[in-house]
Amino acid sequence: MADARADKAFPVSWDQFHRDARALAWRLAGEARATGGFDAIVAITRGGLVPAAIVARELDIRLIETVCVASYHDYKTQGGLQVLKGVEERVAKIRGGEGAGVLIVDDLVDTGGTARVVRAMLPKAHFATVYAKPMGRPLVDTFVTEVSQDTWIYFPWDMGLSFQPPIREGAPG
Ligand SMILES: O=P(O)(O)OC[C@H]1O[C@H](OP(=O)(O)OP(=O)(O)O)[C@H](O)[C@@H]1O
Ligand code: HPA
Ligand SMILES: [Mg+2]
């Protein structure tokens with residue numbers, strides 16, 4: 001679950017995140033060829049901003065919009081989901097509206113709560129994330145890596161370098 005019960009840790013370095021976001025862009029490039037491309041990206045803030053920048057660079061997409069959603073107010077604790085900003089009219093009207101020709105990008109789906117709300121705004125959009133947990137996976141069209149539901153993903157922008165005690169000191173016995 002997306003809460004304090006998430007007891008496995010999956011730390012991701014900047015280097016790893018860049019590689020995974022680029023792998024997502026490769027998959028989306030195939031999708032773009034098959035479906036007529038993407039006219040715009042909608043990044044789900046804040047976590048989606050980082051992969052959105054990488055995907056936009058790789059696919060040469062210049063029209064970038066945001067949907068601003070907050071759901072995890074404290075570390076690992078899901079609060080009420082708040083939509084702080086929806087989609088601008090110009091993007092909502094692309095190719096006849098409802099998200100046709102639009103790529104939605106987020107860093108991950110966990111319970112799928114955020115994805116469900118944003119998909120409802122743009123039902124015809126393609127929804128992409130770098131990581132997916134099983135509960136949210138059915139809501140995502142393209143992703144790169146699945147992790148178990150009880151895993152917490154630590155993103156590089158939430159971490160810093162810190163001293164690690166030698167294994168010998170922490171070892172039992
Ligand atoms: O599938 P869900 O259970 O909805 O969880 C996934 C969402 O939670 C995180 O965002 P968060 O609301 O923590 O905000 P942030 O992107 O600003 O960190 C993450 O970036 C996803 O957007
Ligand atoms: O596993 C996670 N890591 C970081 N942020 C998150 N928001 C929901 N789930 C996660
Ligand atoms: Mg987010």
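Data block above holds the structure.
So, a few notes on the structure that sits alongside this text. What you see is a predicted model, and the numbers here were worked out from it, not measured in a lab. (Residues numbered from 1 in each chain as written. Chains lettered and ligands numbered in written order. Predicted model: local features only at pLDDT ≥ 70, side-chain atom pairs only at ≥ 80, totals over all residues. Heavy atoms only, no water.)

With that settled, consider the pairing of strand β6 (residues 126-132). With respect to burial, β6 is a largely interior element, seven of its seven residues being buried. Pairing of strand β5 (residues 102-109) with β6, which is carried by six bridges, proceeds in the parallel orientation. The residue bridging Leu103 from the neighbouring strand is His126, located in β6. One crossover worth recording links β5 to the parallel β6 by way of helix α4 (residues 113-121), and it is right-handed. (Buried < 20%, exposed > 50% of the residue type's maximum accessible area, 1.4 Å probe, protein only. Helix = DSSP H or I, 4+ residues; strand = E, 2+ residues; numbered from the N terminus. Pairing = 2+ DSSP bridges. Right-handed = clockwise from strand over helix to strand, strands pointing away.)

Here we take up the side chain of Thr114. Turning to its location among the elements, Thr114 is positioned in helix α4. Thr114 sits in the buried class, given a relative accessible area of 16%. With sequence-adjacent residues up to four places away left out, Thr114 is seen in contact with Ile44, Val69, Ser71, Leu81 and Asp106. (Contact = heavy atoms within 4.5 Å.)

If you check the shell around ligand 1, you find 16 residues, and the closest are Arg46, Asp106, Asp107, Thr111 and Thr114. Within the contact set of ligand 1, an oxygen atom lies 2.6 Å away from a side-chain nitrogen or oxygen of Asp106. At 2.6 Å from an oxygen atom of ligand 1 is found a side-chain nitrogen or oxygen belonging to Asp107. If ligand 1 stood free it would expose 490 Å²; the protein chains cover 89% of that surface. Within the residue set of the shell around ligand 1, elements represented by two or more residues are β3 (64-74), β5 and α4. Examining the composition of the shell around ligand 1, we find that four residues originate from one element, β5, more than from any other. A class-by-class count of the residues in the shell around ligand 1 yields four nonpolar, eight polar and four charged. (Near = heavy atom within 4 Å. Polar contact = N/O pair within 3.5 Å; in protein donor to acceptor, adjacent residues only side chain to side chain. Areas by Shrake-Rupley, 256 points an atom, 1.4 Å probe, with all protein chains shown as cover. Nonpolar A, V, L, I, M, F, W, Y, C, P; charged D, E, K, R; others polar.)

Going from Thr45 to Arg46, the amide bond is cis rather than trans, its omega being -10°. Along the chain, Arg46 falls in the loop between β2 (40-45) and α2 (49-59). A positive phi is found at Asp60, a non-glycine position, where the angle reads about 55°. Secondary-structure assignment places Asp60 in the loop between α2 and β3. Take Asp60: its relative accessible area is 52%, and that puts it in the exposed class.

Between helix α1 (residues 14-35) and α2, the least distance of the axes is 9 Å, while the angle of their chain directions is 50°. As the angle between them shows, α1 and α2 are arranged oblique. Note on packing geometry: the crossing formed by α1 with α2 is right-handed. Counted together, Trp14, Phe17, His18, Ala21, Arg22, Leu24, Ala25, Leu28 and Ala29 of α1 and Val50, Pro51, Ile54, Val55, Arg57, Glu58 and Leu59 of α2 form the full contact between these two elements. Across the contact of α1 with α2, the residue classes break down as 12 nonpolar, one polar and three charged. (Axes fitted to C-alpha atoms, helices over the stretch in contact; angles between N-to-C directions. Parallel < 35°, antiparallel > 145°, perpendicular 65-115°, else oblique. Left-handed = near helix turned anticlockwise from the far one by under 90°.)

The next thing to look at is the pattern of salt bridges. Evaluation of the coordinates by the stated rule reveals 12 salt bridges. With a closest N to O distance of 2.5 Å, Asp15 and Arg19 form a salt bridge. With a gap of four residues between them, Asp15 and Arg19 both fall in helix α1, about one helical turn apart. For Arg19, a relative accessible area of 47% gives the class partly exposed. Taken together, the shared-partner salt bridges in this structure form one network comprising Arg22, Arg57 and Glu58. (Salt bridge = Lys/Arg side-chain N within 4 Å of Asp/Glu carboxyl O.)

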